[in-house]
Amino acid sequence: MTKHGQYIAYTTIVRKEVTRVLRIWPQTLFPPVITQTLYFLIFGKFIGAQIRDIHGVSYMSFIIPGLVMMAVINNSFMNVVSSFFSSKFQRSIEELLVSSTSNKIIIAGYVTGGVVRGIIVGFLVFLVSIFFTRPQIHHLGIIFPFVFLTAVVFALGGLLNAIFAKKFDDISIFPTFILTPMIYLGGVFYSIDNLPPFWQMISKFNPVLYMVNGFRYGFHGFSDVNVLASFMILVVFAAVLTAVNLVLLARGTGLKT
Amino acid sequence: MNSISIQNLTKTYAGGTEALKGVNLEVASGDFCALLGANGAGKTTIIGILTGLVNKTSGSVRIFDYDIDQNHSKAKKVIGVVPQEMNFNIFERVEDIVVNQAGYFGIDRTTAFAEAEKNLKQLRLWDRRHEIARNLSGGMKRRLMIARALVNKPKLLILDEPTAGVDVELRHSMWEFLGELNGQGVTILLTTHYLEEVEQLCRQAAIIKDGQIIANDRVKNLVKLVAKETYIVHVDEIRSLEKIRGYNPVVIDENTFEVELSKEERLNEFIAYLSQLGMMVTDFRPKGNRIEKLFLNILNSKTEAGIGA
């Protein structure tokens, strides 16, 4: 297929994915905003009022980047895993497999769908945060690459999960047992400086820590970890996950018999 | 040029089931070929490999000279496929299903909409284009899959039991439609259990049994292999059956019996002979279709030698 043809195939997948997100907005956009609002209310407002400032910012301000990132991570992941697995389950994925669309375009299309949902939800959560505190923006040039790359990484993770999933249970195992603990232990609600050295060391094996802190740096200008290293970690994760997904699609893992 | 060239194709599934055991099959460009076989014989596996939904174990497959391993994108571009089971998102609108499929082939949206309109009108679905696919009847869903398969203007259309479970009227209109498509130069590979469909539409037929092609020839040649045909005869009253014992008569009821006539025998002469015996013929028809008889013969390995596989 020509490059223009591949572009048309890509936009077709993206249009279909974005239409799906917008069509079922009460499932895709509304619930995560409600959940994050409750976090703002309970952790930021009620409990946060009793917590001292962290690195000179209020606890409410401190958790905003983490909660936005949490929404981005969950939604970019869930969008791809549920959409791709549903296509597998209904066998409508065969529409793509019998076509001349390349595997690269299939990955790019689904990942873009996940990124779009992740960023829309993240932006809505950020808008809600304005009702609770005046947000600080330290460096937009840091915020955008971090939120984009994080959404890409977790959309790719969602695709990987969907490729291997054989039943609906399989698409909830990773988010429940791996992703959620990683997010909660990834410095969304606390600075790892407050942890004992052993737990600080353990936390540094959690990639979400780097994403949250890099993003937080863009808002507040401080981070528990090196921002450049965080960025590089994201790039490496994105590259590795893309390569793994490409190999799996080429082999037909989970798609072809 | 052949539209399909399959050589030594094998497929062993992960569980160890050998679905294909060295299949060789060639379908000429513009031909209308039937792939016949009992359930589980390997028909859908062949179609899966041709369309990129099943990984082959060994062998080579070429679609219009494009090797599916080396040139899979070009090979897929010329194929349209209508699967056995519904495989579209039932929550999408009819028109979107067709237009999106065009997009996956790199066709721009203006052309895709025009092509979708043409195909949906041809298949009498245009009025339902804004409905979600879930609301369509079974026959409409099948027609939708045909409209979708044609959106990239394929040179090779593969249909896996397209008329399974559809009513007689729709089946006949589908036959007409497929005949017209073939007349326009589209090669068609069809699997079906309706053997009259094969005799009506196809010029070539391949019969697959246990993962191997056991017969492959022009339909007219295959039909010639049926030495005798069974007819059902209705008469006013059955008399003197012993005088037609050579035709292996089997009585069905007091007015009806079956006889076997060889291809050389003239039907008029046989009916005249029955009149001479005092039996007035009120109805006379073939019991089943000839391909069906041949198919059963071959599957039961009773066929004569010499069928080219």
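All values derive from a computational prediction rather than experimental measurement. (Residues numbered from 1 in each chain as written. Chains lettered and ligands numbered in written order. Predicted model: local features only at pLDDT ≥ 70, side-chain atom pairs only at ≥ 80, totals over all residues. Heavy atoms only, no water.)

1. Some details on a nonpolar patch on the surface
All names here are of chain A. A contiguous nonpolar surface patch, about 750 Å² in accessible area, is contributed by Trp25, Phe30, Ile34, Leu38, Ile42, Phe46, Ile47 and Ile51. For the nonpolar patch, the leading source of residues is helix H3 (residues 30-47), giving 6 residues. Tracing the backbone through its elements, the reader meets Phe46 in helix H3. (Patch = residues over 30% accessible without salt bridge, like charges linked within 9 Å, V, L, I, M, F, W, Y side chains within 5 Å. Areas by Shrake-Rupley, 256 points an atom, 1.4 Å probe, with all protein chains shown as cover. Salt bridge = Lys/Arg side-chain N within 4 Å of Asp/Glu carboxyl O. Helix = DSSP H or I, 4+ residues; strand = E, 2+ residues; numbered from the N terminus.)

2. Section: the interface of chain B and chain A
Taken together, the contacts link 30 residues of chain B with 25 residues of chain A. Approximately 2,500 Å² of surface area, both sides summed, lies buried where chain B meets chain A, with 48% of it carried by carbon and sulfur atoms. On the chain B side of the contact with chain A, Leu53(B), Asn87(B) and Tyr104(B) bury the most area, a combined 29% of that side's loss. For the pair chain B and chain A, the number of links is 3 salt bridges. Taken together, chain B and chain A are joined by 16 residue pairs in polar contact (both at pLDDT 80 or more). (Contact = heavy atoms within 4.5 Å. Buried area = accessible area lost by both parts, 1.4 Å probe. Polar contact = N/O pair within 3.5 Å; in protein donor to acceptor, adjacent residues only side chain to side chain.)

3. Some points on the nonpolar core
Grouped together as the largest cluster of nonpolar side chains are 106 residues, with contacts concentrated most on Phe84(A), Ile6(B), Val23(B), Leu50(B) and Ile63(B). Leave out the neighbours within four places in its chain, and Ile63(B) touches Ser3(B), Ile4(B), Leu50(B), Ile68(B), Ala75(B), Val78(B), Ile79(B) and Leu156(B). Formed by 51 residues, the second largest nonpolar core is a distinct cluster that contains Val98(B), Val99(B), Ile146(B) and Cys202(B). (Core = buried A, V, L, I, M, F, W, Y, C linked by side-chain atoms within 4.5 Å. Buried < 20%, exposed > 50% of the residue type's maximum accessible area, 1.4 Å probe, protein only.)

4. Some points on the side chain of Arg143(B)
Residues and elements named next belong to chain B. Inspection of the secondary structure puts Arg143 in helix H5 (residues 138-149). Among the residues examined, Arg143 registers a relative accessible area of 11% and is labelled buried. Non-local contacts of Arg143, meaning those with residues more than four positions away in its chain, are made with Leu123, Arg124, Leu125, Leu170 and Met174.

5. Points about the domain arrangement of chain B
Per the domain assignment, the segments of chain B are domain 1 (2-223) and domain 2 (227-288). Here domain 1 of chain B and domain 2 of chain B have C-alpha centroids that lie 41 Å from each other. (Domains from an automatic or database assignment.)

6. Quick look at the pairing of strand E9 (residues 204-209) of chain B
Residue and element names in this part refer to chain B. The buried fraction of E9 is high, at 5 of 6 residues. Bridge analysis of strand E3 (residues 32-36) against E9 gives 4 bridges, and the strand direction is parallel. When the sheet's bridge partners are listed, Leu35 is paired in E9 with Ala206. Summarising the sheet, E9 and strand E10 (residues 212-218) pair through 6 bridges and their orientation is antiparallel. Along E10, the bridge assignment pairs Gln204 with Arg218. Joining the antiparallel neighbours E9 and E10 is a turn of 2 residues, in which Asp210 adopts a positive phi near 50°. (Pairing = 2+ DSSP bridges.)

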